[in-house]
Amino acid sequence: MSESYQIHTISTSYLNELSNYNYLIVDKATKLAALVDPSWELERILTVIEGLDVKLHAILLTHSHFDHVNLVELLSVRYGPDVYISAKEAQYYAFSAPNLHTFNDLDTISLGNTTITCMLTPGHTAGSACYLLSGCLITGDTLFIEGCGRCDTTGGNPDDMFDSLQKIRDTVPIYARVYPGHSYGKEPGYPLWYLLENNIYFHLVNRAQFISFRMRHAQGYGSDARERRK
């Protein structure tokens, strides 16, 4: 069965170092679009939106770290979209934006004929969230193809991350394609079953073992930023 939407991946970067994936979800019937985690290269994002001739209806934020939200205000001024973030994230970090709407776990957002389910997945931040559509999961910094997000910044918690990954394992269809906020070697779009087989964090089923491994760099065993993310 064909999906009601298309996902367009937009890779952006800051000084060719800190790279992010922005995702444009386009409802096929209405050409309404939702942009996930807009960051860094405004002109590149505008080129995609205007080239597809879609209406930017919403901005969906997985969390409030600067590298995932730094274009929200500029895009809000230009298009006036609704902006969505979890209530827990907005409250914990006092996040604000024009036309801001907050959601709780398993609330849904309608984008034309496309339904987007908001999954609260704390761990990387206090109120991180993923967006589940029919056939895909957009994960921000909760889950990467190769690992999971770091848990040693303000509001992060490896205990919560363990629960969030178990929640994804138990509730998301294994055929759902995973679209993370960053890549460490693998392109976005691998099915969840691939991660269940190959991502080490899904193999750490003991909570204490998971926490110890996830926090190994924070405990002084290394300081490389890319490794700490993974």
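Provided above is the structure to which this section pertains.
All residue numbers refer to position in the chain's written sequence, counted from 1. Per-residue local features are limited, in this predicted model, to residues with pLDDT of at least 70; the limit for side-chain atom pairs, both in listing and counting, is 80 or more; totals at the level of whole chains, interfaces and linings are taken over all residues. The side-chain figures draw on all heavy atoms in the structure; neither hydrogens nor water molecules are used.

**Focus on the overall build of the chain**
Helix and strand assignments come from DSSP, with helices taken as H or I runs of at least 4 residues and strands as E runs of at least 2, each series counted from the N terminus. Summing up its helical and strand segments, the chain has nine helices and twelve strands in all. Computation of the radius of gyration draws on C-alpha atoms alone. For the globule rule, the value is 2.2 Å times the number of residues to the power 0.38. Its C-alpha radius of gyration of 17 Å places the chain within 12% of the 17 Å reference for a compact globule of 230 residues. Along the longest, intermediate and shortest principal axes, the C-alpha atoms of the chain span 50 × 40 × 30 Å. For the chain, the proportion of its 230 residues judged to be buried stands at 53%. Any two residues whose heavy atoms approach within 4.5 Å at even a single point are treated as in contact. Nonlocal contacts in the chain, meaning residues at least 24 apart in sequence, comprise 58% of its contacts between residues at least 6 apart. As displayed, the chain has an accessible area near 10100 Å², and 49% of this comes from carbon and sulfur atoms. For this count, His and the chain ends are skipped, Lys and Arg are scored as positive, and Asp and Glu as negative. Throughout, a charge is located at the NZ atom of Lys, the CZ atom of Arg, the CG atom of Asp or the CD atom of Glu. Averaging the locations of the 18 positively and 25 negatively charged side chains of the chain gives two centres separated by 4 Å. Residue burial is assigned from relative accessible area. The probe radius is 1.4 Å, only protein chains are included, and a residue is buried under 20% of its type maximum, exposed over 50%, and partly exposed in between. Every accessible area reported is derived by Shrake-Rupley at a probe size of 1.4 Å, with residue values counting cover from the shown protein chains alone.

**Quick word on the nonpolar core**
Ranked by internal contacts, the top residues of the largest apolar core, which has 24 residues, are Leu165, Ile168, Val172, Leu192, Leu195, Phe202 and Phe210. Contributing elements (two or more residues each) for this core: strand E9 (129–133), helix H5 (158–171) and helix H6 (192–198). In this structure, Leu192 is in contact with Ile168, Val172, Pro173, Ile174, Ala176, Val178 and Phe202, ignoring residues within four places of it in sequence. We call a set of buried Ala, Val, Leu, Ile, Met, Phe, Trp, Tyr and Cys residues a nonpolar core when their side-chain atoms join them within 4.5 Å. Within the second largest apolar cluster, 22 residues are counted, among which are Tyr21, Ile25, Val36 and Tyr131.

**Here we look at the environment of Pro122**
Tracing the backbone shows Pro122 in the loop between strand E8 (114–120) and E9. Overall, Pro122 belongs to the buried group, its relative accessible area being 13%. A sequence separation of 38 residues divides Pro122 from Asp160, and the C-alpha atoms of the two residues are 5.7 Å apart. Among all residues touching Pro122, those that are not within four sequence positions of it are Lys88, Ser128, Asp160, Met161 and Ser164.

**Points about the packing of helix H1 (residues 42–52) against helix H3 (residues 72–79)**
Helix axes are fitted only over the stretch in contact, all axes being lines through C-alpha atoms; the angle between N-to-C directions runs from 0 to 180 degrees. Remark: H1 packs on H3, axes separated minimally by 11 Å, with the N-to-C direction vectors making an angle of 35 degrees. The two elements H1 and H3 cross, and the hand of that crossing is right-handed. Where H1 abuts H3, its residues Leu42, Leu46, Ile49 and Glu50 lie against Leu74, Leu75, Arg78 and Tyr79. Classification used: nonpolar for Ala, Val, Leu, Ile, Met, Phe, Trp, Tyr, Cys and Pro, charged for Asp, Glu, Lys and Arg, polar for all others including Gly. Split by residue class, the contact of H1 with H3 holds six nonpolar, no polar and two charged. By convention the crossing between two helices is left-handed if the near helix lies anticlockwise of the far one by an angle smaller than a right angle, and right-handed if it lies clockwise.

**Some remarks on the pattern of salt bridges**
Between Lys or Arg on one side and Asp or Glu on the other, a salt bridge is scored when a side-chain nitrogen of the former is within 4 Å of a carboxyl oxygen of the latter. Using the criterion set out here, one finds six salt bridges in the structure. The partner of Glu41 in a salt bridge is Arg44, with the nearest N and O atoms 3.8 Å apart. Judged by its relative accessible area of 23%, Glu41 falls in the partly exposed class. A relative accessible area of 42% means that Arg44 is categorised as partly exposed. Close ionic contact of Asp159 with Arg207 constitutes a salt bridge, the shortest N to O distance being 3.0 Å. Placement of Asp159 in helix H5 and of Arg207 in helix H7 (residues 207–214) is noted, with a sequence separation of 48 residues between them. According to the relative accessible area criterion, Arg207 is partly exposed, its value standing at 32%. One network of salt bridges, with partners in common, ties together Asp159, Asp163 and Arg207.

**Focus: H1**
Along an α-helix, a turn takes 3.6 residues, which lines up residues three or four apart on a common side. Listing the buried residues of H1 in full gives Ile45, Leu46 and Ile49. One side of H1 holds all its buried residues, which, seen down the axis, span an arc of 100 degrees. Along H1, exposed side chains directed more than 90 degrees from the buried face belong to Glu43, Thr47 and Gly51. Trailing H1 by a residue or two, Asp53 shows a phi angle of about 55 degrees, which is positive. Think of the arc as the fan of directions from the helix axis to the C-beta atoms.

**Topic: the pairing of E9**
Most of E9 sits out of view: five of its five residues are buried. Criterion used throughout: strands pair if DSSP finds at least two bridges between them. Relative to E9, E8 runs antiparallel, the two being bridged by four bridges. Within E9, the position partnered with Leu120 by the bridge is Ala129. Summarising the sheet, E9 and strand E10 (residues 136–140) pair through three bridges and their orientation is antiparallel. By the bridge assignment, Leu132 is partnered in E10 with Leu137.

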